[in-house]
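Chain and residue survey
What follows is each chain in one-letter form.
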Amino acid sequence: DQQVKQNSPSLSVQEGRISILNCDYTNSMFDYFLWYKKYPAEGPTFLISISSIKDKNEDGRFTVFLNKSAKHLSLHIVPSQPGDSAVYFCGMDSSYKLIFGSGTRLLVRP
Amino acid sequence: NAGVTQTPKFQVLKTGQSMTLQCAQDMNHNSMYWYRQDPGMGLRLIYYSASEGTTDKGEVPNGYNVSRLNKREFSLRLESAAPSQTSVYFCASSPGGTHYGYTFGSGTRLTVV
């Protein structure tokens, strides 16, 4: 039973537009949420995080939103750039270990 | 460059063979992890070591063993490889817990035939 779900395997957006990646979870005990980005043949790299006491965190073009009542996490990328094309994983803190979703492959078209 | 180093990068095994995947970090991190990545399944935790001297099972530990050799090194062993263990394996480390984020290695692509 998956605790963390990324229901969209892929997303395609035009350069300059907004990319919205979503993640749903079932465990209300998660208290820290992170997004990772992965290019082919490389390890995932940390992108942005948010604590459960907040509902929004921004870092440049990247904003993460947390809706605890809906158990929903989202990542907004504005404006999207071709270099953002990668697989994005959401991860959730569960007792000293991260549980990840299945990933969403983002393609930003020039 | 500082970070997490995994060896080997590629490996082909025959069913029933054994092998050890090596991982070392030079960031003085306390916690280390092994994940596997499979298509449509994302990153699944195999084993982790919250601190030197401790190891714990993750989501998919069956068929694997681990050793936290010292603070720097965390190895993953497949005693009798099976085709279902064909995957990309990632080692990661963090200062302690997950709030600081993980640093991942570049992965080991393992094929079991």
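As shown above, the structure is provided for reference.
Residues numbered from 1 in each chain as written. Chains lettered and ligands numbered in written order. Predicted model: local features only at pLDDT ≥ 70, side-chain atom pairs only at ≥ 80, totals over all residues. Heavy atoms only, no water.

1. Brief notes about the overall build of chain B
The following threshold applies: Segments assigned H or I by DSSP are reported as helices when at least four residues long, segments assigned E as strands when at least two residues long, and all are numbered from the N terminus. Based on C-alpha atoms, the radius of gyration is set beside the globule rule, defined as 2.2 Å times the residue count to the power 0.38. Whether a residue is buried, partly exposed or exposed follows from its accessible area with a 1.4 Å probe, protein chains only, as a fraction of its type maximum: under 20%, in between, or over 50%, in that order. Here, two residues are considered to be in contact whenever any of their heavy atoms come within 4.5 Å of each other. Computed with the Shrake-Rupley method and a 1.4 Å probe, the accessible areas treat only the protein chains shown as cover for residues.
When its secondary structure is counted, chain B shows 0 helices and 11 strands. When the helices and strands of chain B are listed from N to C terminus, the series reads β-β-β-β-β-β-β-β-β-β-β. A compact globule built from 113 residues would reach a C-alpha radius of gyration of about 13 Å, and chain B, at 13 Å, matches this within 12%. In terms of its C-alpha atoms, chain B occupies a principal-axis envelope of roughly 35 × 30 × 30 Å. Here chain B holds 113 residues, and the buried ones make up 47% of them. Restricting the contact set of chain B to residue pairs at least 6 apart, pairs at least 24 apart contribute 55%. Of the accessible surface of chain B, which amounts to about 5,100 Å², a share of 48% is contributed by carbon and sulfur atoms.

2. Here we look at the sheet that holds strand β3 (residues 19-25) of chain B
Residues and elements named next belong to chain B. Note the following rule: When DSSP locates at least two bridges between a pair of strands, those strands are taken to pair. Here an axis means a line fitted to C-alpha atoms, over the contact stretch when the element is a helix, while the angle between two N-to-C directions is reported on a 0 to 180 degree scale.
The strand order β1-β3-β8-β7 describes an open sheet built from 4 strands, whose pairing is antiparallel. Edge positions in the sheet fall to β1 (4-7) and β7 (64-68), since each has one partner strand and no second. Here the strands of the sheet are splayed against their neighbours by 15 degrees on average, with no regard to which way each runs. Where β7 meets strand β8 (residues 74-78), 5 bridges bridge the pair, whose relative direction is antiparallel. Looking at β8, one finds that S67 is bridged to S75.

3. Concerning the packing of aromatic side chains
How we decide: The criterion for an aromatic pair is that two Phe, Tyr or Trp rings (for Trp, the six-membered ring) have centres within 6.5 Å, with stacked assigned to planes under 30 degrees apart, edge-to-face to planes over 60 apart and tilted to the rest.
Taken as a whole and assessed by the stated rule, the structure comprises 15 aromatic pairs over all chains. Judged by centre distance (6.0 Å) and plane angle (50 degrees), the rings of Y35(B) and F104(B) are tilted. Remark: F104(B) occurs in strand β10 (residues 103-104) and Y35(B) occurs in strand β4 (residues 31-38); sequence separation between them is 69 residues. Here the two residues Y35(B) and F104(B) agree in accessibility, since each one is buried. Feature note: the residues Y36(A), F46(A), F89(A), F100(A), Y33(B), Y35(B), Y48(B), F90(B), Y102(B) and F104(B) constitute an aromatic cluster, connected by ring pairs.

4. Section: the state of the cysteines
What counts, and what does not: Cysteine sulfur atoms are paired as a disulfide whenever they come within 2.5 Å of each other.
Under the defined criterion, the tally for this structure stands at 2 disulfides over all chains. Here C23(A) connects covalently by a disulfide to C90(A), the sulfurs 1.9 Å from one another. Sign of the S-S torsion, about 55 degrees for the bond between C23(A) and C90(A), identifies this disulfide as right-handed. You can see C23(A) sitting in strand β3 (residues 19-25) and its partner C90(A) sitting in strand β9 (residues 86-93), a full 67 residues away along the chain. At a sulfur-sulfur separation of 1.9 Å, the disulfide partner of C23(B) is C91(B). Its torsion about the S-S bond being -75 degrees, the disulfide of C23(B) and C91(B) is classed as left-handed. Separated by 68 residues along the polypeptide, C23(B) in strand β3 and C91(B) in strand β9 (residues 87-94) bring together distant segments of the chain. Considered together, C23(B) and C91(B) belong to a single accessibility category, that of buried residues.

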